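The primary structure of each chain is shown beneath.
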Amino acid sequence: MCCLFGYYRYGSKIEKISVLTNLLAENAAVRGTDAAGIAYNDNGKLVIHKEAKSASYIDFKHPDNAVCVTGHTRHATQGDKKKNYNNHPFSGSCRNIKFALSHNGVIVNDDELKSQYNLPKTRIETDSYIAVQLLEKKRNLNIDSVKFMSESLKGSFAFSILDSSNTLWLVRGDSPLSVVHLPEYKLYVYESTDEILYKSLVDTKLFDEIKKGRFEEIMIESGDIVRIKPNGKIFKDKFKYSDYSCYQWWDYEISDNDYVENLKTAAAYQGYPPDMVDDLMNNGFSPEEIEDYIYCVE
């Protein structure tokens, strides 16, 4: 599975905050080494920097006055990772608002939605891009369009969406998402999991706030839509979330190779090393037995 990461600053400038960005990205690489990218606003222009390689080998740079940086590390399951347009974040626009969207999870009804809504063809091959197209179809980036997008999807997902007005949207289906608020620094920081988030913070001065208990965990549950505005205010909304976490991969028309890759994605999502799938298959387990083991059986 992939990893979302980023920060949102609503106070004074923090010197060398790109150091934090790179720590978040490097630790997020444990969930995806195929590609990495970030998005931020610079003097009113939405900038996306992504490369088809691990975050461990990228030095992300951005202005210290960037209000928000949102990022993604990719474990590719659909779409050639070497073609950078398949990597996250993806760019989109709704009238005069531009946005960058990143996704952690697997969407299984993207082809169905493209046909249902007669969406334009694109060279982008990933399942994730359907989220951009659904938002663009509504022509507005607002709570109604985000709900429409979220309620249309089947599969597993969490999204981060940064728009050109420096509003950050965090949307959670069943994929994990962890956010902390550090009031002393007027800063929110997030990653896909608690473990990765705290590992990223432990070697920074920000962790002193954690040790002293001067922080707040922002709870984001399945079906939550969270918006963070430039004044630091958080707004929460809900969408009608349908749990597809135990759908059977073989119910969908995918090749054997894609099926195995999806199993590895599911394994990573559940906290198992993806190589475990290969080990189990080498020891005689069928893909269906592995699916039951890692994804559906409590």
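Everything here concerns the structure above.
Residues numbered from 1 in each chain as written. Predicted model: local features only at pLDDT ≥ 70, side-chain atom pairs only at ≥ 80, totals over all residues. Heavy atoms only, no water.

### A closer look at the pairing of strand 12 (residues 224-228)
Part 1 of the reasoning: Most of strand 12 sits out of view: five of its five residues are buried.
Part 2 of the reasoning: The side-chain alternation of strand 12 yields two buried faces, one formed by Asp224, Val226 and Ile228 and the other by Ile225 and Arg227.
Part 3 of the reasoning: Direction of pairing for strand 8 (residues 168-172) relative to strand 12: antiparallel, over a ladder of five bridges. Following the sheet pairing, Arg172 is matched in strand 12 by Asp224.
Part 4 of the reasoning: In the sheet, strand 12 pairs with strand 13 (residues 234-238) via five bridges, with the strands oriented antiparallel. Considered in strand 13, the bridge of Arg227 is made with Phe235.
Part 5 of the reasoning: Taking the residues that link successive antiparallel strands as the turn, the strand 12-strand 13 hairpin has five residues, and the phi of Gly232 there is positive, at about 90°. (Buried < 20%, exposed > 50% of the residue type's maximum accessible area, 1.4 Å probe, protein only. Helix = DSSP H or I, 4+ residues; strand = E, 2+ residues; numbered from the N terminus. Pairing = 2+ DSSP bridges.)

### Overview of the packing of aromatic side chains
Part 1 of the reasoning: Under the defined criterion, the tally for this structure stands at seven aromatic pairs.
Part 2 of the reasoning: Sitting over the ring of Phe148, Lys138 keeps its end group 4.4 Å from the ring centre. (Phe/Tyr/Trp six-rings, centres within 6.5 Å; stacked < 30°, edge-to-face > 60°. Lys NZ or Arg CZ within 6 Å of the ring centre and 35° of its normal.)

### Focus: the pairing of strand 7 (residues 155-163)
Part 1 of the reasoning: Where burial is concerned, most of strand 7 is hidden: nine out of the nine residues are buried.
Part 2 of the reasoning: Neither face of strand 7 is open: one carries Gly155, Phe157, Phe159, Ile161 and Asp163, the other Ser156, Ala158, Ser160 and Leu162, and all of them are buried.
Part 3 of the reasoning: Relative to strand 8, strand 7 runs antiparallel, the two being bridged by five bridges. Bridge pairing in strand 8 places Leu162 opposite Leu168.
Part 4 of the reasoning: Between strand 7 and strand 8, which pair antiparallel and follow one another directly, the connecting turn spans four residues, one of which, Asn166, has a positive phi of 65°.

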